[in-house]
Every structure is written in C-alpha cells, then in structure tokens.
Amino acid sequence: MTTEAVEVCVKAAVGRPDLLGDCPFSQRVLLTLEEKHIPYRTKLIDVSNKPHWFLQISPEGKVPVLKYQDGTWHPDSDVITQYLEDKYPNPSLATPPQFASVGSKIFPTFVTFLKSKDPNDGSEQALLTELRSLDQHLNSHGPFINGDKISAADLSLAPKLYHLKVALGHFKGWTVPQEFTHVNNYMNALFSRESFKNTKPAGDEYVIAGWKPKVEA
C-alpha cells in the first residue's frame, strides 16, 4: 500500500526563501518523517514575510506545521512527532520514558552561552555540565540515547547539537571538548545519517544568519 505524501510547512533559509532553512524544530519533524520512511512534501515558509495562506492555517505564524489526514493543520514539533508515532507506528521511534529527557537542557544552556557577553557568568560551565551528563549517559547506554536504536530523543537533539556546533564555532570559536568522546562520536553518527543529510539547513551560513540577530542583540 502506498502512503500518501504528508504536507509539512517548514522554515525557509534567511534571505533565500527557495532553500530549506535553519529551524531545529522543523528539522526534527523532517527527520521523523525520513526515519519512518513516510513520503512528504515541504512548503518553505519565509518567516520574515509570511504568506496570507500560511497565517490562515497557522495564526501564530509558527513553524513547523503538519497537515493531518483529516485535512487540519497542526503546529508544535512535540505534538506533530507524537502524532506521527501514533499514526505510523513502524518503525517505532518511541523513547523509553526514563530516557525521554536526556539532553533536554543542552539547547537552552547553549543559547544562554551563545548570547553571553560575560565570560565569567557561568554560562559556559552550565553547558559543559549538560554535555558531561550526556557523555556519561552515552557511555553507559550508547551509542544512541536508547542504545543501538535511534529514537525520538535523538531526532530532537540532533538539530540542536548541529546548531550548537555551527553557531558556537562561528561566534565564539568554541567546540565540544575532545574529552567528551561519546558526545563527539554521537554527533558524528547523527550528522552522517542519510536522514540528517536530507533535512539539514541548505548551508551553515543560514544557521549563522539565523542566530546573528540574537547574538548581536
């Protein structure tokens, strides 16, 4: 049986509305579709000039937005990925509840450190603490969060780690310490998957452009 293509609205690249953009939450949904082998069609949304039809289906103007089988559109990557798990259970990407929050504090601590102008405010140390915690988890349970099998938690974290790598590398000349062997191997494993290559931003420059206003604020 052929599965009908799912429609999903995602962020277009900054300054290039014809290219896939840098939204990690949009990529999380695309990764889920890829890993579940669900055919899909993307609609690229220029978030600086949102079209009227898009605001009709997403009044708050947020991406990603996915069209359910009943024809209704729904935002929020948490809601969308759970819907996809329920609607298309095979292959399962469910993360065991005890591992569901692994790495969940990395993105907010990364953003705080990226925006920080004070090297003594503890923001770098906070990020290192979260990365060390992930490294210890992967050491015990890896190579992925739930062992050998990739799951929803990995697909949520992968785009955020990519932003961390690109943005901190560009704006602060900062890289994940080599001592976090398991985190570095994990990032390499995630970024080398076909699903990631097919859904990552069109170029690092668009990740940098996306963060630039926030860093310079």
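Note that the structure is predicted; figures quoted are calculated from it, not measured.

Side note on the side chain of Thr81
Thought 1: Following the sequence through the fold, Thr81 ends up in helix 3 (residues 77-87).
Thought 2: For Thr81, the residues in contact, after removing those within four places along its chain, are Arg28, Val29 and Thr32.

Some words on the packing of aromatic side chains
Thought 1: If you walk through the whole model with that rule in mind, you get 11 aromatic pairs.
Thought 2: With 6.1 Å between their ring centres and 80° between their planes, Trp53 and Phe54 make a pair best called edge-to-face.
Thought 3: With relative accessibility at 37%, the residue Trp53 sits in the partly exposed group.
Thought 4: Taking the centre distance of 5.7 Å and the plane angle of 70° together, the rings of Phe113 and Trp174 count as edge-to-face. Linking Phe113 in helix 4 (residues 106-115) with Trp174 in the loop between helix 6 (152-172) and helix 7 (181-191), this pair joins segments that are 61 residues apart in sequence.
Thought 5: Classification of Trp174 by relative accessible area gives buried; the value is 10%.

Notes on helix 5 (residues 123-141)
Thought 1: The first and last C-alpha atoms of helix 5 sit 27 Å apart over 19 residues, in line with the 27 Å expected at 1.5 Å per residue.
Thought 2: When we look at burial in helix 5, the residues that qualify are Ser123, Leu127, Leu128, Glu130, Leu131, Leu134, Asp135, His137 and Leu138.

Let's talk about the UniProt feature "domain: GST C-terminal" (unreviewed entry) in the protein
Thought 1: Residues annotated by UniProt as "domain: GST C-terminal" (unreviewed entry) correspond here to residues 78-217.
Thought 2: The span residues 78-217 is 64% helix and 0% strand, and its two end C-alpha atoms sit 28 Å from each other.

Topic: the packing of helix 6 against helix 7
Thought 1: Close contact between helix 6 and helix 7 brings their axes to 10 Å; oriented N to C, the two are set at 105°. Taken as axis vectors, helix 6 and helix 7 run roughly perpendicular relative to one another. Between helix 6 and helix 7, the contacting residues are Asp154, Leu157, Ala158, Leu161, Tyr162 and Lys165 on the first element and Tyr186, Met187, Leu190 and Phe191 on the second.
Thought 2: Of the residues in the contact of helix 6 with helix 7, the class split is 8 nonpolar, no polar and 2 charged.

Here's the deal with the environment of Lys67
Thought 1: Along the chain, Lys67 falls in strand 4 (residues 65-67).
Thought 2: When the C-alpha positions of Lys67 and Lys117 are compared, they lie 41 Å apart, and in sequence the two are 50 residues distant.

What to know about the nonpolar core
Thought 1: If you look at the biggest cluster of nonpolar residues, it comprises 41 residues, and the most contacted ones within it are Phe110, Leu127, Leu161, Leu164, Trp174, Tyr186 and Trp211.
Thought 2: For this core, the elements supplying multiple residues, two or more each, are helix 4, helix 5, helix 6, helix 7 and helix 9 (204-216).
Thought 3: Element by element, the count of residues in this core is highest for helix 6, at 10 residues.
Thought 4: Setting aside its immediate chain neighbours within four residues, Leu161 contacts Ile106, Tyr186, Met187, Leu190 and Phe191.
Thought 5: Counting 14 residues, the second largest nonpolar core, distinct from the first, contains Val29, Leu66, Tyr68 and Tyr88.

As for the UniProt feature "domain: GST N-terminal" (unreviewed entry) in the protein
Thought 1: UniProt feature "domain: GST N-terminal" (unreviewed entry): in the numbering of this structure it lies at residues 13-92.
Thought 2: Strand forms 22% of residues 13-92 and helix 36%; the C-alpha atoms that close the span are 31 Å apart.

Parameters and conventions
- Residues numbered from 1 in each chain as written.
- Predicted model: local features only at pLDDT ≥ 70, side-chain atom pairs only at ≥ 80, totals over all residues.
- Heavy atoms only, no water.
- Helix = DSSP H or I, 4+ residues; strand = E, 2+ residues; numbered from the N terminus.
- Contact = heavy atoms within 4.5 Å.
- Phe/Tyr/Trp six-rings, centres within 6.5 Å; stacked < 30°, edge-to-face > 60°.
- Buried < 20%, exposed > 50% of the residue type's maximum accessible area, 1.4 Å probe, protein only.
- Expected span 1.5 Å × (residues − 1).
- UniProt positions renumbered as here; feature names shortened; annotations may be inferred.
- Axes fitted to C-alpha atoms, helices over the stretch in contact; angles between N-to-C directions.
- Parallel < 35°, antiparallel > 145°, perpendicular 65-115°, else oblique.
- Nonpolar A, V, L, I, M, F, W, Y, C, P; charged D, E, K, R; others polar.
- Core = buried A, V, L, I, M, F, W, Y, C linked by side-chain atoms within 4.5 Å.

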